[in-house]
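# Architecture at a glance
Now for the letters of each chain:
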2 protein chains.
Amino acid sequence: MQAGKPILYSYFRSSCSWRVRIALALKSIDYEMIPINLIKDGGQQLAIIEYLEETRPTPRLLPQDPKKRALVRMISDLIASGIQPLQNLSVLNQVGQENQLTWAQKVITSGFNALEQILRSTAGKYCVGDEVSMADLCLVPQVANAERFKVDFTPYPTISHINKTLLALEAFQVSHPCRQPDTPPELRA
Amino acid sequence: MQAGKPILYSYFRSSCSWRVRIALALKSIDYEMIPINLIKDGGQQLAIIEYLEETRPTPRLLPQDPKKRALVRMISDLIASGIQPLQNLSVLNQVGQENQLTWAQKVITSGFNALEQILRSTAGKYCVGDEVSMADLCLVPQVANAERFKVDFTPYPTISHINKTLLALEAFQVSHPCRQPDTPPELRA
């Protein structure tokens, strides 16, 4: 791996790819991107983020304190295991066209209800305190999915506020689905 | 936390609780169990396992080498994010009684097809090489779920073999759903 640039197999719209793109941007890691249209769903990209954290520790995406690290991982897992897999494309295909929107809204709001509660006690500027962490890498792509499914954000002021603060950061902008090499022209911004 | 015994809120049948029970047994951590009937689904218990690993490093559940650690986390996430959340109780309730078995079998076999391929290149005695890791803590409870849903194991010789080897270990036996304080008498063994 040290020999050449790392390669990221990425899909502009995938929230899992986006998490990793943010991590790479935050750590200023130069990489090659190979856009692929069919992505492996699920939270597996968290393994990439943990690997990056161990091999390129600066800036850190996990706090030093074990209890705070556990909070970051709990929030990340809540999103990456508890929400995202239930509203990904392959699941939506299985529930049938006419049920997709209702299904996605239901699983996202159910997860966001728990997340909003947790963030009220853990958040500072970001999900856990005032430093960007792996939890934030999971939050922003999931909020974007929620917006695509027209989830009502009124009950989630903490989620909304943190998301807005994060989207102002360069790493979250350059990694955004609307600015990827495989973003179709009509979705560019 | 140092002041008293840790408390695990556990449900005998939950594969997520079982993962943590195995970790506690492997690390010989004495704990109090509070059985609860309603469990929070998803892979969130991986945060507990990572916390245990950081605060009680022996025996290690993650290999020292970063690439091997990434393999262990990839396999764990494949199960904890890519399979388990799609076949948990709340999702099965949403798909309706008559579709539950087909749904569960479909998501598990789809995940196991990928898992079997991966394990063929990573496995020794266990999921990654010859040491028990977090991946093994995820494998055994998921195989038990697959058996409950009557998944055909013919295409999964590697999964079956590793599972059998792991079930011979003490930590996997004492943590087994059939031997928990809240296991109903008819399911005890």
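Each remark here, short or long, concerns the structure printed above.
Report on the accompanying structure. These numbers come from a predicted model, not from an experiment. (Residues numbered from 1 in each chain as written. Chains lettered and ligands numbered in written order. Predicted model: local features only at pLDDT ≥ 70, side-chain atom pairs only at ≥ 80, totals over all residues. Heavy atoms only, no water.)

### Overview of the overall build of chain A
Of regular secondary structure, chain A possesses eight helices and two strands. Listing every helix and strand of chain A by position from the N terminus yields β-α-β-α-α-α-α-α-α-α. Relative to a compact globule of 189 residues, whose C-alpha radius of gyration would be 16 Å, chain A shows 16 Å and is just as compact. Based on the C-alpha atoms only, the size of chain A along its principal axes is roughly 50 × 40 × 25 Å. Across the 189 residues of chain A, 53% fall into the buried class. Here the contacts in chain A between residues at least 6 apart in sequence split such that 71% fall between residues at least 24 apart. For chain A, the exposed area adds up to about 8700 Å²; of that, 54% sits on carbon and sulfur atoms. (Helix = DSSP H or I, 4+ residues; strand = E, 2+ residues; numbered from the N terminus. Rg over C-alpha atoms; globule rule 2.2 N^0.38 Å. Buried < 20%, exposed > 50% of the residue type's maximum accessible area, 1.4 Å probe, protein only. Contact = heavy atoms within 4.5 Å. Areas by Shrake-Rupley, 256 points an atom, 1.4 Å probe, with all protein chains shown as cover.)

### Quick word on the packing of aromatic side chains
Applying the stated rule across the entire model yields nine aromatic pairs over all chains. For the pair Trp-103 of chain A and Trp-103 of chain B, a centre-to-centre distance of 5.7 Å together with 40 degrees between the ring planes defines the contact as tilted. A residue pair is termed interchain when its members come from two chains, as with Trp-103 of chain A in helix α5 (residues 100-122) and Trp-103 of chain B in helix α5 (residues 100-122). Residue Trp-103 of chain A is classed as buried on the basis of its relative accessible area of 6%. (Phe/Tyr/Trp six-rings, centres within 6.5 Å; stacked < 30°, edge-to-face > 60°.)

### Quick look at the interface of chain B and chain A
Counting residues at the interface gives 30 residues for chain B, matched by 30 residues for chain A. Interface area for chain B against chain A, summed over the two sides, is near 2600 Å², with a carbon-plus-sulfur share of 62%. One can count six salt bridges joining chain B with chain A. For Glu-54 of chain A, the salt bridge identified is with Arg-73 of chain B, shortest N-O distance 3.1 Å. At the level of elements, α2 (45-55), α3 (66-82), α4 (89-95) and α5 of chain B are the ones that each hand at least two residues to the side of chain B that touches chain A. (Buried area = accessible area lost by both parts, 1.4 Å probe. Salt bridge = Lys/Arg side-chain N within 4 Å of Asp/Glu carboxyl O.)

### A closer look at a nonpolar patch on the surface
There is a patch of nonpolar side chains on the surface, built from Ile-7, Tyr-9 and Ile-36 of chain A and spanning about 270 Å² of accessible area. Mapped onto the elements, Tyr-9 of chain A comes out in strand β1 (residues 7-10). (Patch = residues over 30% accessible without salt bridge, like charges linked within 9 Å, V, L, I, M, F, W, Y side chains within 5 Å.)

### Observations concerning the packing of helix α1 (residues 15-26) of chain A against helix α6 (residues 134-148) of chain A
Residues and elements named next belong to chain A. Viewed as axis vectors pointing N to C, α1 and α6 meet at an angle of 140 degrees, and their least axial separation amounts to 9 Å. With respect to each other, α1 and α6 are oriented oblique. Taken as a pair, α1 and α6 cross one another with a handedness that is right-handed. Of the residues in α6, those in contact with Ser-15, Trp-18, Arg-19, Ile-22, Ala-23 and Leu-26 of α1 are Leu-137, Cys-138, Val-140, Pro-141, Ala-144 and Asn-145. Counted by class, the contact of α1 with α6 contains nine nonpolar, two polar and one charged residues. (Axes fitted to C-alpha atoms, helices over the stretch in contact; angles between N-to-C directions. Parallel < 35°, antiparallel > 145°, perpendicular 65-115°, else oblique. Left-handed = near helix turned anticlockwise from the far one by under 90°. Nonpolar A, V, L, I, M, F, W, Y, C, P; charged D, E, K, R; others polar.)

### Observations regarding the relation of the copies chain B and chain A
Screw-axis analysis of chain B against chain A gives a translation of 0.0 Å along the axis, an RMSD of 0.0 Å, and a rotation angle of 180 degrees. Taken together, the turn and the small shift mark the pair as related by a two-fold rotation axis. Residue Ser-81 of chain B, judged by its C-alpha, is the member of chain B lying nearest the rotation axis, at 2.1 Å. When the interface residues of chain B are mapped onto chain A, 100% of them again lie at the interface, so the same face is used by both copies. (Least-squares fit on C-alpha atoms with pLDDT ≥ 70 in both.)

### A word on the pattern of salt bridges
Per the counting criterion, the structure on display carries 14 salt bridges over all chains. With its nearest N and O atoms 2.9 Å apart, the salt bridge here joins Glu-53 of chain A to Lys-27 of chain A. With Glu-53 of chain A in helix α2 (residues 45-55) and Lys-27 of chain A in the loop between α1 and β2 (32-35), this residue pair connects regions lying 26 residues apart in the sequence. Across the pair, exposure class does not vary: Glu-53 of chain A and Lys-27 of chain A are buried alike. Across the pair Glu-116 of chain B and Arg-120 of chain B runs a salt bridge, and its minimum N-O distance is 3.1 Å. You can see Glu-116 of chain B and its partner Arg-120 of chain B sitting in helix α5, four residues apart, about one turn around the helix.

### Brief notes about unusual backbone geometry
The omega angle of the peptide bond from Thr-58 of chain A to Pro-59 of chain A is -10 degrees, so this bond is cis rather than trans. One non-glycine residue with positive phi stands out, namely Ser-28 of chain B, at about 50 degrees. Checked against the element boundaries, Ser-28 of chain B lands in the loop between α1 (15-26) and β2 (32-35).

### As for α5 of chain A
In a regular helix each residue adds 1.5 Å, so 23 residues correspond to 33 Å; α5 of chain A covers 32 Å between its end C-alpha atoms and thus fits that length. Buried residues of α5 of chain A: Gln-100, Trp-103, Ala-104, Val-107, Ile-108, Gly-111, Phe-112, Leu-115, Glu-116, Ile-118, Leu-119 and Thr-122 of chain A, and no others. Packed against the buried residues of α5 of chain A are α3 (66-82), α4 (89-95), α6 and α7 (157-167) of chain A together with α4 and α5 of chain B. (Expected span 1.5 Å × (residues − 1).)

### What about the nonpolar core?
In terms of nonpolar packing, the biggest core is built from 102 residues, with Phe-112 and Leu-139 of chain A together with Phe-112 and Leu-139 of chain B touching the most fellow members. Excluding residues within four positions of it along the chain, Leu-139 of chain A makes contact with Ile-79, Leu-115, Leu-119, Cys-127, Ile-159, Ile-162, Asn-163 and Leu-166 of chain A. (Core = buried A, V, L, I, M, F, W, Y, C linked by side-chain atoms within 4.5 Å.)

### What about α3 of chain B?
Along its 17 residues, α3 of chain B runs 22 Å from first to last C-alpha, staying within 8% of the 24 Å computed at 1.5 Å per residue. Within α3 of chain B the residues assigned to the buried category are Arg-69, Ala-70, Val-72, Arg-73, Ile-75, Ser-76, Asp-77, Leu-78, Ile-79, Ala-80 and Ser-81 of chain B.

### Regarding the side chain of Asn-163 of chain A
All names here are of chain A. By the secondary structure assignment, Asn-163 is in helix α7. What makes Asn-163 buried here is its relative accessible area of 7%. Those residues in contact with Asn-163 that sit more than four places away from it in its chain are Leu-139, Val-140, Val-143 and Glu-147.

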